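# Coordinates in review
Below are the chains, spelled out letter by letter.
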Amino acid sequence: MNLLVVGGGGREHAIIQKLKEDPRVERVYALPGNGGIAADAECVAIAATDLDGIVDFARSHRVDFAVVAPDDPLAMGCVDRLHAIGIPCFGPSAAAARIESSKVFSKNLMHKYGIPTADYQVFDDPAAALDYLRGADYPIVIKADGLALGKGVLIPESFAQAEAAVKSIMEEHIFGASGSQIVVEKFLTGPEVSVLAFTDGTAIRPMVSSMDHKRAGDGDTGPNTGGMGTVAPNPYYTPAVAQQCMETIFLPTLAAMRAEGCPFKGCLYFGLMLTPQGPKVIEYNCRFGDPETQVVLPLLKTSLLTVMEAVENETLDSLELQWVDQVAACVILASGGYPTAYEKGKPITLPAQWPEGVRCYHAGDQLENGRLVTSGGRVLGITATAPTLAQAVDKAYAAAGLVQFDKQYMRHDIGQRALSAGKE
Ligand code: AMP
Ligand code: GLY
């Protein structure tokens, strides 16, 4: 089979490597892919947001199945466009992708269908937002409405900070057009869990749970990033919590999307907080999370292509997923300065061979005269699998130490919170 994968980060690299474990796969095209993905797929210089280019390419290259991984093309309707020319596809329609692309849509959905989430208010007028914030409890959470690469969230500690936040989102548009509406919500506390789930709109198969490390600095300090490292499974996500999430969050969300006329098919990501009042939804993503995918997919035994076909054909109900009984840890190697300003074009030195149980997913690099150089904020994800979390973390850091590029930056405490789970 000829497969087409839209996207070009660490998540797409992990998806491509897992798809290729299925012997039916003959060829994988990555649009656009990246320098490291080029070792596993034919990279084609068509941007993930160039829907006309993607559709033309798919039509002229006998693509048997397509996977659309990033949020932007999903929100723009890439899956709808590929379906329209008869190409089987994994990913939600644009209507279903609103669960991520509009925080107002997702908050209103949860409110209407009684799905637990933080109490909230929506504002499109800065003056009204400030009136409300003057009398609010702090800290409080302010979110820009649209896609903002996981960075559209500010958590002011005082009214003065809230005032500055409203100004920067709604007037200076630091998150772009996504800031014309904001959601102001209650600050919740508790461990965070990411659950990625395959769903065909009705049946759902949650994947192994995971824990992201979103802040740039050690000890969860500094600005929010796309994610600096992950571990899976997440020790806070016990079987009892999983059962509760299934009943109060997962199934109700699928039913809500069906009732709204936009059943969700693809990978639905539940960003959860385990609060003293029970699990609540912090956010939905309409796609595989990154770097969560870099720890979750290495643990999947079932053919990813088979699962994706079952989602597309709406036969997921008859498929049980098999998982490796191991733990995975991923350390992101980033360019110093990420998530704000950073330099590009630094040559990357990789070991000739990775230790057993280690995978290197390429996120932000490109080939320049045959040589890998950095081209993004998050450059590589180094994932290790092992029988225990402590072993996986040690192995991932030891392997990360084998990589060199100028101004390389990583967090040094990935997995520490998970290791101390239950000991607080
Ligand atoms: P989001 O992009 O919605 O996932 O938010 C990014 C991060 O902000 C989350 O991973 C949380 O750590 C934090 N956050 C978002 N919403 C809340 C909330 N209501 N209470 C506390 N923290 C939050
Ligand atoms: N790691 C969180 C995300 O993919 O948005």
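Right, let's walk through the structure included here. (Residues numbered from 1 in each chain as written. Chains lettered and ligands numbered in written order. Predicted model: local features only at pLDDT ≥ 70, side-chain atom pairs only at ≥ 80, totals over all residues. Heavy atoms only, no water.)

### Remarks on helix H11 (residues 304–313)
Just so we agree on the cut-off: The buried label goes to any residue with under 20% of its type's maximum accessible area, the exposed label to any with over 50%, and the partly exposed label to all in between, with areas taken from a 1.4 Å probe on protein chains only. Where helices and strands are cited, they refer to DSSP runs of H or I of at least four residues and of E of at least two residues respectively, numbered from the N terminus. Polar contacts, as used here, are pairs of N or O atoms within 3.5 Å; protein pairs need one atom able to donate a hydrogen and one able to accept it. Residues neighboring in sequence count only if both atoms are side-chain atoms.
Here H11 lies mainly inside the structure; 8 of its 10 residues are buried. Buried within H11 we find Leu304, Leu305, Val307, Met308, Glu309, Ala310, Val311 and Glu312. Regarding H11, its N-cap is serine 303, as a side-chain oxygen of that residue lies 3.3 Å from the backbone nitrogen of leucine 305 further along.

### Some points on the sheet that holds strand S7 (residues 140–144)
Cut-off, in case you're wondering: At least two DSSP bridges between two strands are needed for those strands to be called paired. Any pair of residues with heavy atoms lying within 4.5 Å of one another is described as a contacting pair. In this analysis an axis means a line fitted to C-alpha atoms, helices contributing only their contacting stretch, and an angle means the value between N-to-C directions, from 0 to 180 degrees.
A sheet is described by the order of its strands in space; here 4 strands give the open sequence S6-S9-S7-S8, paired in antiparallel fashion. The sheet is open, and its two borders are formed by strand S6 (120–123) and strand S8 (153–154), each paired with just one other strand. Docked against the sheet, helix H7 (residues 126–134) engages S6, S7 and strand S9 (182–186), running at close to 155 degrees with respect to S6. Against the sheet, helix H8 (residues 159–171) touches S6, S7, S8 and S9, its axis set at about 5 degrees to S7.

### Here's the deal with the pairing of strand S21 (residues 371–374)
As defined by bridge partners, strand S20 (residues 365–368) adjoins S21 across 4 bridges and the pair is classed as antiparallel. Among the inter-strand pairings, leucine 367 is bridged to a residue of S21, identified as leucine 372. Where S20 folds back onto S21 in an antiparallel hairpin, the turn is made up of 2 residues, including asparagine 369, whose phi is positive at roughly 50 degrees.

### So, the sheet that holds strand S16 (residues 266–275)
The 4 strands are arranged S11-S10-S16-S17 in an open sheet whose pairing can be described as antiparallel. The open sheet is flanked by strand S11 (204–206) and strand S17 (278–285), the only strands paired with a single partner. Between one strand and the next, the sheet's axes are offset by a mean angle of 35 degrees, whatever the strand orientation.

### Looking at the site of ligand 1
Short version of the rule: Here a residue is considered near a molecule or strand provided that any single heavy atom belonging to it is located within 4 Å of it. Where accessible areas are quoted, they stem from the Shrake-Rupley method and a 1.4 Å probe; at the residue level, only the protein chains shown are allowed to cover. Three classes are used: nonpolar for Ala, Val, Leu, Ile, Met, Phe, Trp, Tyr, Cys and Pro, charged for Asp, Glu, Lys and Arg, and polar for all others, with Gly counted as polar.
Close contacts around ligand 1 come from 16 residues, with Glu185, Lys186, Leu188, Glu192 and Glu283 the closest. Within the contact set of ligand 1, an oxygen atom lies 3.3 Å away from a side-chain nitrogen or oxygen of lysine 103. Interatomic distance of 3.1 Å between a side-chain N/O atom of lysine 143 and a nitrogen atom of ligand 1. If ligand 1 stood free it would expose 470 Å²; the protein chains cover 93% of that surface. Listed by contribution, the elements that provide at least two residues to the shell around ligand 1 are S7, S9 and S17. Split by residue class, the shell around ligand 1 holds 8 nonpolar, 1 polar and 7 charged.

### A few points about the nonpolar core
In summary, soluble globular proteins display a tendency toward joint burial of nonpolar side chains. Defined as follows: By nonpolar core we mean a set of buried residues, namely Ala, Val, Leu, Ile, Met, Phe, Trp, Tyr and Cys, connected to one another through side-chain atoms within 4.5 Å.
Residues Leu82, Ile99, Phe250, Phe270, Leu272 and Ile382 are the most contacted members of the largest nonpolar core, which totals 77 residues. Look past the residues within four positions of leucine 272 in its chain and what remains in contact with it is Pro191, Glu192, Val193, Val195, Tyr237, Cys245, Ile249, Phe250, Lys280, Val281 and Ile282.

### Brief notes about the site of ligand 2
Around ligand 2, a shell composed of Asp212, Gly226, Tyr269, Asn285, Arg287, Gly289, Asp290, Pro291 and Glu292 is seen. Here aspartate 212 contributes a side-chain N or O atom positioned 2.9 Å from a nitrogen atom of ligand 2. Contact between ligand 2 and aspartate 290: an oxygen atom at 2.9 Å from a main-chain N or O atom of the residue. Here ligand 2 has 200 Å² of accessible area as a free molecule, and 93% of this is covered by the chains. Of the residues contributing to the shell around ligand 2, the split by class is 2 nonpolar, 3 polar and 4 charged.

### Quick look at the packing of helix H5 (residues 94–101) against helix H6 (residues 103–113)
Here is the rule: By the definition adopted for this analysis, an angle is roughly parallel if under 35 degrees, roughly antiparallel if over 145, roughly perpendicular if from 65 to 115, and oblique otherwise.
At a closest axis distance of 6 Å, the pairing of H5 and H6 adopts a crossing angle of 90 degrees. Taken as axis vectors, H5 and H6 run roughly perpendicular relative to one another. Only Lys103, Phe105, Ser106 and Leu109 of H6 make contact with H5, whose side of the interface consists of Arg98, Ile99, Glu100 and Ser101.

### Some words on the pairing of strand S19 (residues 358–362)
The buried fraction of S19 amounts to 4 of the 5 residues, a majority that puts the element mostly inside the structure. Looking at chain direction, S19 and strand S22 (residues 378–386) are connected through 5 bridges and run antiparallel. Looking at S22, one finds that arginine 359 is bridged to threonine 383.

### A word on the packing of aromatic side chains
Note the threshold: Side-chain rings of Phe, Tyr and Trp (the six-membered ring for Trp) are treated as a pair once their centres are within 6.5 Å; stacked means planes under 30 degrees apart, edge-to-face means over 60, and tilted covers the remaining angles.
Under the criterion given, the structure shown has 8 aromatic pairs. Ring geometry for phenylalanine 90 and phenylalanine 288: centres 6.0 Å apart, planes at 35 degrees, overall tilted. Of this pair, phenylalanine 90 sits in strand S5 (residues 89–90) while phenylalanine 288 sits in the loop between S17 and helix H10 (293–296), and the two are 198 residues apart along the sequence. With 4.3 Å between their ring centres and 35 degrees between their planes, phenylalanine 250 and phenylalanine 270 make a pair best called tilted. You can see phenylalanine 250 sitting in helix H9 (residues 239–259) and its partner phenylalanine 270 sitting in strand S16, a full 20 residues away along the chain. There is no split in this pair, since phenylalanine 250 and phenylalanine 270 are both buried. A connected cluster of aromatic rings, assembled from ring pairs, spans Phe90, Phe198 and Phe288.

### Examining the pattern of salt bridges
Spelled out, the test is: For this document, the term salt bridge refers to a Lys or Arg side-chain nitrogen within 4 Å of an Asp or Glu carboxyl oxygen.
Applying the stated criterion to the full structure yields 23 salt bridges. Here lysine 214 makes a salt bridge to glutamate 283, at a shortest N to O gap of 3.5 Å. Here the residue lysine 214 occupies a position in the loop between strand S12 (211–212) and strand S13 (215–217), and glutamate 283 occupies one in strand S17, the gap between them amounting to 69 residues. Judged by relative accessible area, which is 16%, glutamate 283 ranks as buried. Each of the salt bridges in this network shares a partner with another, and the network as a whole consists of Glu343, Lys346, Asp406 and Lys407.

### Regarding the environment of glycine 201
Among the secondary structure elements, glycine 201 is positioned in the loop between strand S10 (192–199) and S11. A sequence separation of 99 residues divides glycine 201 from serine 102, and the C-alpha atoms of the two residues are 19 Å apart. The contact partners of glycine 201, leaving out residues within four places of it in the chain, are Leu254, Arg258, Pro263, Phe264 and Lys265.

### Section: the side chain of glutamate 100
By the secondary structure assignment, glutamate 100 is in helix H5. Relative accessible area serves as the criterion here: at 9%, glutamate 100 is assigned to the buried category. Here the side chain of glutamate 100 touches cysteine 286 through a polar contact of 2.8 Å, landing on its backbone nitrogen.

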